[in-house]
Amino acid sequence: MKGRNAMMTPLFRVVLVVVSIGTLATVLKRIQKAKLTIEDSIFWILLAMMFVVFALFPVVPDTLARLLGIYSTANFLFLFMIFILLMRMFSMSMRISTLEDKIRKLVQELALRDKDARDERTEASAEGCGCDRATRAQDTASSSSRHAETCMEEKNA
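All figures in this text were calculated on a predicted structure; none of them were measured in a lab. Here the residue numbers are simple positions, counted from 1 along each chain's written sequence. Where totals are concerned, whole chains, interfaces and linings use all residues; where local detail is concerned, this predicted model gives features only for residues with pLDDT of at least 70, and gives and counts side-chain atom pairs only at 80 or more. Based on all heavy atoms of the structure, the side-chain values leave hydrogens and waters out of the count.

Some remarks on the overall build of the chain
And then number 1: In terms of regular secondary structure, the chain is built from six helices and zero strands.
And then number 2: Three labels apply to residues, based on accessible area from a 1.4 Å probe with only protein chains included: buried if under 20% of the type maximum, exposed if over 50%, partly exposed otherwise in between. Looking at the chain residue by residue over its 157 residues, the buried ones come to 23%.
And then number 3: Of the contacts made within the chain by residues no fewer than 6 positions apart, 54% connect residues no fewer than 24 positions apart.
And then number 4: Note on areas: Shrake-Rupley with a 1.4 Å probe; residue coverage comes only from the protein chains shown. When the accessible area of the chain is evaluated, it comes to approximately 11500 Å², of which 66% is carbon and sulfur surface. Secondary structure elements follow DSSP: runs of H or I no shorter than four residues count as helices, runs of E no shorter than two count as strands, and numbering proceeds from the N terminus. By definition, residues are in contact when any of their heavy atoms lie within 4.5 Å.

With respect to the confidence of the model for the chain
And then number 1: How sure the predictor is of each residue is captured by pLDDT, a score from 0 to 100. Chain-level statistics for the chain give a pLDDT mean of 81 and a share of 77% at 70 or above.
And then number 2: Below pLDDT 50 for its whole length, residues 1–5 participates in eight contacts with residues either more than four positions away or in separate chains.

Brief notes about the pattern of salt bridges
And then number 1: Any Lys or Arg side-chain nitrogen located within 4 Å of an Asp or Glu carboxyl oxygen qualifies as a salt bridge. If you walk through the whole model with that rule in mind, you get eight salt bridges.
And then number 2: Across the pair aspartate 101 and arginine 104 runs a salt bridge whose closest N-O atoms are separated by 2.4 Å. Here arginine 104 and aspartate 101 lie together in helix α4 (residues 73–128), a separation of three residues that amounts to about one turn.
And then number 3: Classification of arginine 104 by relative accessible area gives partly exposed; the value is 42%.
And then number 4: A single salt-bridge network, built from bridges that share partners, covers Glu39, Asp40, Arg88 and Arg95.

A short note on the side chain of threonine 73
And then number 1: Looking at the element boundaries, threonine 73 is found in helix α4.
And then number 2: Here threonine 73 falls in the buried class, since its relative accessible area comes to 0%.
And then number 3: There is a polar contact of 2.4 Å between the side chain of threonine 73 and the side chain of aspartate 62. We define a polar contact as two N or O atoms separated by no more than 3.5 Å, with the added condition that, inside protein, one atom must be a possible hydrogen donor and the other a possible acceptor, whereas residues neighbouring each other in sequence contribute only through side-chain atom pairs.

Considering helix α2 (residues 38–56)
And then number 1: Expected span, for any helix, means 1.5 Å times one less than how many residues it has. Its 19 residues give α2 an end-to-end C-alpha distance of 27 Å, which sits within 8% of 27 Å, the value for a rise of 1.5 Å per residue.
And then number 2: Here α2 has its buried residues at Asp40, Ser41, Phe43, Leu47, Ala48, Phe51, Val52, Phe54 and Ala55. Buried positions in α2, seen along its axis, are confined to an arc of 165 degrees and lie on one side of it. Looking at α2, the residues exposed on the side facing more than 90 degrees away from the buried face are Ile38, Leu46 and Leu56. The arc under discussion is defined with respect to the helix axis, by the directions toward the C-beta atoms.

Considerations on a nonpolar patch on the surface
And then number 1: Without a salt bridge and with relative accessible area above 30%, a residue can belong to a patch; like charges are then joined within 9 Å and nonpolar side chains (Val, Leu, Ile, Met, Phe, Trp, Tyr) within 5 Å. On the surface, a cluster of nonpolar side chains totalling about 640 Å² of accessible area is made up of Val53, Leu56, Phe57, Val59, Val60, Leu64 and Leu67.
And then number 2: Where the nonpolar patch is concerned, the elements lending two or more residues are α2 and α3 (59–68).
And then number 3: Looking at which element gives the most residues to the nonpolar patch, the answer is α3, with four residues.
And then number 4: With respect to the helices, strands and loops of the structure, valine 53 is situated in helix α2.
And then number 5: A relative accessible area of 38% means that valine 53 is categorised as partly exposed.

Structure representation (structure tokens):
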């Protein structure tokens, strides 16, 4: 288990640091442009810092890999990253489901408000033209253009 494949190579450690610094720079740029939420930025910053720690102290991922029975530390890191991203994806799915539910409720509420506003306008225009109550009730169920025609017919009659 102590062979060359079990440990992180210097090149792999450098790649981890470079990619982590690149991720940090991208996240900080997105934060400055207000294109990333605080929760998301904290996740990516912590993940990048963790990989820097893994690169600077390779004994940590080596030990974790050995404890889990994974032969290569690089395989452990890839498996660990896949696990973290799957957990993040599940979290994002939960957030999306919640947002979709909120959007559906908002659309329904907006549709009801719009219908109420149209009903009030129809009722107000019916009262303004002098139509009787039965005509207004009938017109409330129909479109406002039909209502205008009915009122004009009554005025001309």
